[in-house]
Amino acid sequence: MDFCAVDVETANPDLASICQLAVVTFKDGRAIDEWATYIDPDDYFDPCNVSIHGIDEETVDGAPTFQEVSEQLRAVLGARVAVCHTHFDRVAINRASHGWKVPAPQCTWLDSACVARRAWPEFASQGYGLKSICES
């Protein structure tokens, strides 16, 4: 299966405040390309978020804005299947696209948490975080 795995980090509770973006492209089950960038969210950094991912104002100093990387993001994702774990990454990208007034990617989103919850009874109602799934 060919797909892209997507992960974003946000500067604060506003999901549009993306401060880092990473995409790994898979073809026939093998990683064939990686793209990652820090992003200047043009917003404040909440200490709670910084404690989770370690990204702060200094880290993104001089980094492009979401608007500046949006075209490259759309090119990387294309019309592929984009996998995220829970809705977080999908919603963040869509909200950032809306906030920066740029087109959202036209990929097909697949939530791996939903897949795990449906595929394995032990994850149906709890414990479907990435760490738990990877350890089982």
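In short, a report on the structure. (Residues numbered from 1 in each chain as written. Predicted model: local features only at pLDDT ≥ 70, side-chain atom pairs only at ≥ 80, totals over all residues. Heavy atoms only, no water.)

### Comments concerning the nonpolar core
Here is step 1: If you look at the biggest cluster of nonpolar residues, it comprises 21 residues, and the most contacted ones within it are Ile18, Leu21, Val23, Phe66, Leu73, Leu77 and Ile93.
Here is step 2: Elements supplying a minimum of two residues to this core: β1 (3–10), β2 (18–27), α3 (66–77) and α4 (88–99).
Here is step 3: Broken down by element, this core gets its largest block of residues, 5 residues, from α3.
Here is step 4: Residues contacting leucine 77, with those up to four places away along its chain left out, are Cys4, Val6, Val23, Ala82, Pro105 and Cys107.
Here is step 5: Within the second largest apolar cluster, 6 residues are counted, among which are Cys19, Phe45, Ile55 and Val60. (Core = buried A, V, L, I, M, F, W, Y, C linked by side-chain atoms within 4.5 Å. Buried < 20%, exposed > 50% of the residue type's maximum accessible area, 1.4 Å probe, protein only. Helix = DSSP H or I, 4+ residues; strand = E, 2+ residues; numbered from the N terminus. Contact = heavy atoms within 4.5 Å.)

### Notes on the sheet that holds β1
Here is step 1: The 5 strands are arranged β3-β2-β1-β4-β5 in an open sheet whose pairing can be described as mixed. Single-partner strands in this sheet number two, and they are β3 (30–38) and β5 (108–111). Each strand of the sheet is rotated relative to its neighbour by a mean of 25°, with strand direction disregarded.
Here is step 2: Against the sheet, α3 touches β1, β2, β3 and β4 (81–84), its axis set at about 15° to β2. (Pairing = 2+ DSSP bridges. Axes fitted to C-alpha atoms, helices over the stretch in contact; angles between N-to-C directions.)

### Structural notes on α4
Here is step 1: Spanning 12 residues, α4 covers 16 Å between terminal C-alpha atoms, matching the ideal 16 Å at 1.5 Å per step.
Here is step 2: Those residues of α4 not exposed but buried are Asp89, Val91, Ala92, Ile93, Ala96 and Ser97.
Here is step 3: Where α4 is buried, its residues touch β1, β2, α3, β4 and β5.
Here is step 4: Backbone geometry just after α4 places lysine 101 at a positive phi near 60°. (Expected span 1.5 Å × (residues − 1).)

### Some thoughts on the pairing of β4
Successive residues of a regular strand alternate their side chains across the two faces of the sheet.
Here is step 1: With 2 bridges joining them, β1 and β4 adopt parallel strand pairing. Paired with alanine 5 across the two strands is valine 83, which belongs to β4.
Here is step 2: Regarding topology, α4 serves as the crossover connection from β4 to the parallel β5, and that connection is right-handed. (Right-handed = clockwise from strand over helix to strand, strands pointing away.)

### Side note on unusual backbone geometry
Here is step 1: Despite not being glycine, aspartate 28 shows a phi value in the positive range, around 50°.
Here is step 2: Counting through the fold element by element, aspartate 28 comes out in the loop between β2 and β3.
Here is step 3: Despite not being glycine, aspartate 42 has its phi angle at roughly 55°, a positive value.
Here is step 4: Note that aspartate 42 resides in the loop between β3 and α1 (47–53).

### Considering the environment of alanine 79
Here is step 1: By secondary structure assignment, the location of alanine 79 is in the loop between α3 and β4.
Here is step 2: Considering only alpha carbons, one finds alanine 79 and proline 47, 32 residues apart in sequence, at a separation of 36 Å.
Here is step 3: The residues contacting alanine 79, other than those within four sequence positions of it, are Gln106 and Cys107.

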